[in-house]
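Each chain is listed here by its residues.
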Amino acid sequence: MRVLLTGSSGWLGRFLAPALRAAGHTVTGLDVVPGPDTHVLGSVASRAVVDRAMGLGIDAVIHSAALHKPDIARNPVSAFVDVNVTGTLNLLEAAREAGHDRFVMTSTTSLMISQAIRDEAGDAAVWLDETSGPLAPRNIYGVTKLAAEGLCRLYAAEHGLACVALRTSRFFPEDDDTPTGTDEENLKAIELLHRRLTVEDAAAAHVMALERAPQIGFGLYVISAPPPFARSDAEALKRDAAALIRDRFPDAEALFAARGWQLPTSLGRVYDPALAEQQLGFRCRTDFAAVLQALREDAPLPFAHDPAYRAGPSR
Ligand SMILES: NC(=O)c1ccc[n+]([C@@H]2O[C@H](COP(=O)([O-])OP(=O)(O)OC[C@H]3O[C@@H](n4cnc5c(N)ncnc54)[C@H](O)[C@@H]3O)[C@@H](O)[C@H]2O)c1
């Protein structure tokens, strides 16, 4: 298919464009900043820019451009509405007018995180999947991504445009913008237990969603590395995560220690990607077990870590 990929100069875009080509698609990239896979320079918030891109001959849209969490500090609330909400509407409307039969949007697990969940005050880890709610996103990023998902739902219901929104967990390579005091590679390794995936897996999920969307209609999926826990582990995860991890992976603590890392004492939330596996047929290739395998073999870590990476259009 001829795919319009928005956000083509971004971190996900630079992995998704080649993944789409490897699957036999051609890619037209749209972004506000230049990049090797960006052909149309401009904002999704401009309907004229979107129409210019659509005029190049497009069969389907993958909409990954967004202002996201790192952009909150340097953009007004209205910019988030313009890019994440109006931008999504412009693309949906253009896709409808062009008679497309599918649309894929990158969403975020972040919109499921209320202030209460972020505070992790309960005595059990919060188990998060597509049924979680009522949703109360704690910042403008989550609020506008939830609105964008709502627009996708509306266009599927009212116009029969099959839309799949992928609520991906974190895959950024840079350091966490909320310092935790934990070594950042150690942190990313831990996050693959419950709230992270690799950027390669995020790209693969989009390719799969593009292919499956017409059979799905409207689909909303949590996309994250499969956690080695069950919902029934929620209390134990909060109370003593390290004990549970030692139980599942007997050599994990020694492997971590050899690298100067530590197991987490407590985990406060788990993203459950089971529905994506059942309905979309997608499961991340890289999980926590892959990290341990790399440590055992003294091989490169299976996730990207780049403290110098700066996300967003003003990087
Ligand atoms: N990075 C993560 O951990 C993470 C987690 C969950 C969801 N997401 C989502 O994944 C998608 C891609 O994020 P990323 O990590 O690659 O971020 P990124 O900032 O590296 O890439 C986003 C791209 O969108 C572009 N963009 C911003 N405003 C635009 C506009 N108005 N018009 C056109 N392009 C615009 C930026 O220039 C950038 O190249 C986003 O939708 C983000 O919300 C990211």
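Residues numbered from 1 in each chain as written. Predicted model: local features only at pLDDT ≥ 70, side-chain atom pairs only at ≥ 80, totals over all residues. Heavy atoms only, no water.

Further remarks concern the environment of Val291. Summarising the element assignment, Val291 is placed in helix α11 (residues 288–297). By relative accessible area, which is 0% here, Val291 ends up buried. Residues within four places of Val291 in sequence aside, it is in contact with Ala189, Leu192, Trp261, Leu301, Pro302 and Phe303. (Helix = DSSP H or I, 4+ residues; strand = E, 2+ residues; numbered from the N terminus. Buried < 20%, exposed > 50% of the residue type's maximum accessible area, 1.4 Å probe, protein only. Contact = heavy atoms within 4.5 Å.)

Further remarks concern the packing of aromatic side chains. Under the defined criterion, the tally for this structure stands at five aromatic pairs. Arranged with centres 5.0 Å apart and planes meeting at 70 degrees, the rings of Trp11 and Phe15 form a pair that is edge-to-face. Taken together, the residues span about one helical turn, with Trp11 and Phe15 both in helix α1 (residues 11–22) at a distance of four residues. Residue Phe15 is classed as partly exposed on the basis of its relative accessible area, which comes to 24%. Between Phe249 and Phe288 the ring centres are 5.2 Å apart and the planes differ by 65 degrees, which places this aromatic pair in the edge-to-face class. Of this pair, Phe249 sits in the loop between α8 (234–248) and α9 (252–258) while Phe288 sits in helix α11, and the two are 39 residues apart along the sequence. (Phe/Tyr/Trp six-rings, centres within 6.5 Å; stacked < 30°, edge-to-face > 60°.)

Next up on the list: the environment of Pro36. Along the chain, Pro36 turns up in the loop between β2 (26–31) and β3 (40–41). Sequence-wise, Pro36 and Ala17 are 19 residues apart; in three dimensions their C-alpha atoms are separated by 9.7 Å.

Side-chain positions along a regular strand alternate between the two faces of the sheet. Taken across its seven residues, strand β7 (residues 162–168) has seven buried, putting it largely inside the fold. Here β7 shows no split at all, with Ala162, Val164, Leu166 and Thr168 on one side and Cys163, Ala165 and Arg167 on the other all buried. Bridging between strand β5 (residues 102–108) and β7 involves seven bridges; their strand directions are parallel. Looking at β7, one finds that Arg102 is bridged to Ala162. Two elements, β7 and strand β8 (residues 218–223), share six bridges in a ladder whose sense is parallel. Each bridged residue has a counterpart across the sheet, and for Val164 the counterpart in β8 is Gly219. (Pairing = 2+ DSSP bridges.)

Strand order in this open sheet of seven strands is β3-β2-β1-β4-β5-β7-β8, and the pairing throughout is parallel. Edge positions in the sheet fall to β3 and β8, since each has one partner strand and no second. As paired strands, strand β4 (residues 60–63) and β5 are joined by three bridges and run parallel to one another. Each bridged residue has a counterpart across the sheet, and for Ile62 the counterpart in β5 is Val104. The sheet strands contacting helix α3 (residues 77–97) are β1 (2–6), β4, β5 and β7, and the helix crosses β5 at an angle near 165 degrees. (Axes fitted to C-alpha atoms, helices over the stretch in contact; angles between N-to-C directions.)

Residue position: Arg196 is located in the loop between α6 (184–191) and α7 (199–216). Polar side-chain contacts of Arg196 include one of 2.7 Å to the side chain of Glu191. In this structure, Arg196 is in contact with Ser169, Arg170, Phe171, Phe172, Lys188, Glu191, Ser224 and Ala225, ignoring residues within four places of it in sequence. (Polar contact = N/O pair within 3.5 Å; in protein donor to acceptor, adjacent residues only side chain to side chain.)

Cis rather than trans, the peptide bond between Gly133 and Pro134 has omega equal to 0 degrees. Despite not being glycine, Glu120 has its phi angle at roughly 50 degrees, a positive value. Looking at the secondary structure, you find Glu120 in the loop between α4 (115–119) and β6 (126–128). Classification of Glu120 by relative accessible area gives partly exposed; the value is 31%. Residues other than glycine seldom take positive phi values, yet Asp298 does so here, at roughly 55 degrees. Tracing the chain through its elements places Asp298 in the segment after α11. In this structure Asp298 comes out as exposed when scored by relative accessible area, which is 70%.

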